[in-house]
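Secondary and tertiary structure notes
Next come the chains, spelled out residue by residue.
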Amino acid sequence: MPSTSVTSQSSRTLAIVRKPGFSRILLSAAVLSLSLSLAPTVAAAQARDLPDFTELVEKVGPAVVNIRTSERAKLATNGGPEMDEQMQEFLRRFGIPLPGQRRGAPRGGEDDAPQRRGIGSGFVLSADGYVMTNAHVVNGADEVFVTLTDKREFKAKLIGSDVRTDVAVLKIEASGLPSVKIGDVGRLKVGEWVMAIGSPFGFDNSVTAGIVSAKARDTGDFLPFIQTDVAINPGNSGGPLLNMRGEVVGINSQIYSQSGGFMGISFAIPIDEAIRVSDQLRASGKVVRGFIGVAPDDLSKEVAESIGLGKPTGAVIRSVTAGGAADKAGIEGGDLITKFDGKTIEKASDLRRVVAGLKPGAKSTVQVYRRGAYKDLSITIAEMPSDKQARAGSEPDTKAAPSSAAALGLQISEIPEPQKKELKLRAGVRVDAANGVAARAGLREGDLILSVDNVEVTSVKQFQAQLAKLEKAKVINLVVRRDDVVSFVLLRPAH
């Protein structure tokens, strides 16, 4: 009987185990138990994989500064609401026109005039008070103030700024300051963690982090930018981009945005380029660059194939300045420059950077591809004229027909200097009316033409002269600014 009882109990037990769903319950319980036991191990592994920025912030944070500027504003004639300083800094940086502002008529003295205020960031280069930031943060300012993390504030002296690279150097009267360590941009890798410290919207010493998205990103003539996904906003400009060793590898300078806010793409000036500029600014207050007097452009795949090249590499020369270094060396319009000073030229921006990095007076060798053959030419580097010199220089003696713009349906005029200054423009002409060819291409009154066939135009006279140089049936490439948008417009002359 006892044995029968045991057998009966065993049968009931087996029956229970075989009930539908019970095995899944046991399996789930086992998995839960295992997960709970492994949770601390998984968490520890994740903690080891994710970067810890706390030590970097403690180490570098004291060397990052807040920069505040004030600029005496011109009274507007049409009135308008006052804008806060963060929005002004954002608009100025990205070339968006500032609307007229007026707080009321002056009350009798210069001190009563309205002030434009801006904010930005920077970092201490050396313990004796040299500070680096962006040129756009301080340009045009009447006063610049630097605030340290310990809340000490200093009135800064502008040692020099370079608009072309957007680098500026300030000096404050202080000593024993915490300073940054400069990193090696050559060691920076795509996918590497980086961190930014700055004052977005005035929030001092804000820390954001991300990774390097790309290197040598072309967004300008003289700098190959570092692209990251680090959150950058107005006020971050001029702050440092740091690697995980706490070294500065870049200066946060630009963002790509269609909304006005951060959209996941930001750009930093490589610190090696910035240091080269700052060294010259500290030594002489200005930057000297090489110049040869050409208008280069990228080579299209179609053109490369048509002239017998396997791939579109090199900088094609659209025009050569008469009497300039390139002209004296024998470089001609239509030449393809493939090497300069021993460096391979892949695109037009490569040529600009290589030439700009050479000292005026230096002799170099340039390799050109002309009519199916390579040729080496010797060239002596000239000095790049400043923006003021370029504007003040005399125009070339040409026989441009005064009706060349009219033949395209264009009526143009000079851009008033106050408008140029407000829009941060170096050159350009204004469209007063557009008909015929110009209208069909989409041009309209108020558009600003910045260049013709890849040559920057600084006056109506130069615009007409450039048109006169072109073949009658040639499609004309214009760079046009409308409001805050710059685009290419192709004029197709009737023939």
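Residues numbered from 1 in each chain as written. Predicted model: local features only at pLDDT ≥ 70, side-chain atom pairs only at ≥ 80, totals over all residues. Heavy atoms only, no water.

Looking now at the nonpolar core. Nonpolar side chains in soluble globular proteins generally cluster together in the buried interior. Judged by nonpolar contacts, the single largest core of 38 residues is most densely connected at Phe123, Met132, Ile251 and Ile271. In terms of nonpolar packing, the next biggest core, distinct from the first, is built from 22 residues, Ile412, Leu443, Ile449 and Val452 among them. (Core = buried A, V, L, I, M, F, W, Y, C linked by side-chain atoms within 4.5 Å. Buried < 20%, exposed > 50% of the residue type's maximum accessible area, 1.4 Å probe, protein only.)

Moving on to the environment of Lys59. The topology assignment puts Lys59 in helix H3 (residues 54-60). Through-space distance from the C-alpha of Lys59 to that of Val180 is 9.1 Å; in sequence the pair is 121 residues apart. (Helix = DSSP H or I, 4+ residues; strand = E, 2+ residues; numbered from the N terminus.)

Quick look at the pairing of strand E9 (residues 193-198) now. The buried fraction of E9 amounts to five of the six residues, a majority that puts the element mostly inside the structure. Direction of pairing for E9 relative to strand E10 (residues 206-218): antiparallel, over a ladder of six bridges. The residue bridging Gly198 from the neighbouring strand is Ser206, located in E10. One ladder, built from two bridges, connects E9 with strand E12 (residues 240-242); its direction is antiparallel. (Pairing = 2+ DSSP bridges.)

For the structure on display, the rule yields 16 salt bridges. The shortest N-O distance in the salt bridge between Glu143 and Lys155 comes to 3.2 Å. With Glu143 in strand E4 (residues 143-147) and Lys155 in strand E5 (residues 153-155), the pair connects residues that are 12 residues apart, well separated along the chain. Among the salt bridges present, the one from Arg426 reaches Glu456, with a minimum N-O distance of 3.1 Å. Here Arg426 is found in the loop between helix H11 (417-423) and strand E24 (429-434), whereas its partner Glu456 is found in strand E26 (residues 455-456), with 30 residues between them in sequence. Using a relative accessible area of 34% as the deciding quantity, one classes Arg426 as partly exposed. (Salt bridge = Lys/Arg side-chain N within 4 Å of Asp/Glu carboxyl O.)

This prediction gives the chain a mean pLDDT of 80; 76% of its residues lie at or above 70. In the predicted structure, residues 1-18 sits below a pLDDT of 50 and forms two contacts with residues beyond four places in sequence or in another chain. Note on residues 390-403: pLDDT under 50 across the span, and 13 contacts to partners over four residues away in sequence or across chains. (pLDDT = per-residue confidence, 0-100. Contact = heavy atoms within 4.5 Å.)

Moving on, we come to helix H9 (residues 348-356). Burial within H9 is extensive, with eight of its nine residues counted as buried. Of the positions making up H9, those classed as buried are Ala348, Ser349, Asp350, Leu351, Arg353, Val354, Val355 and Ala356.

By the element assignment, Gly361 lies in the loop between H9 and strand E20 (363-370). Residue classification places Gly361 among the exposed residues on the basis of a relative accessible area of 51%. Setting aside anything within four residues of it in sequence, one finds Gly361 in contact with Thr380 and Ile381.

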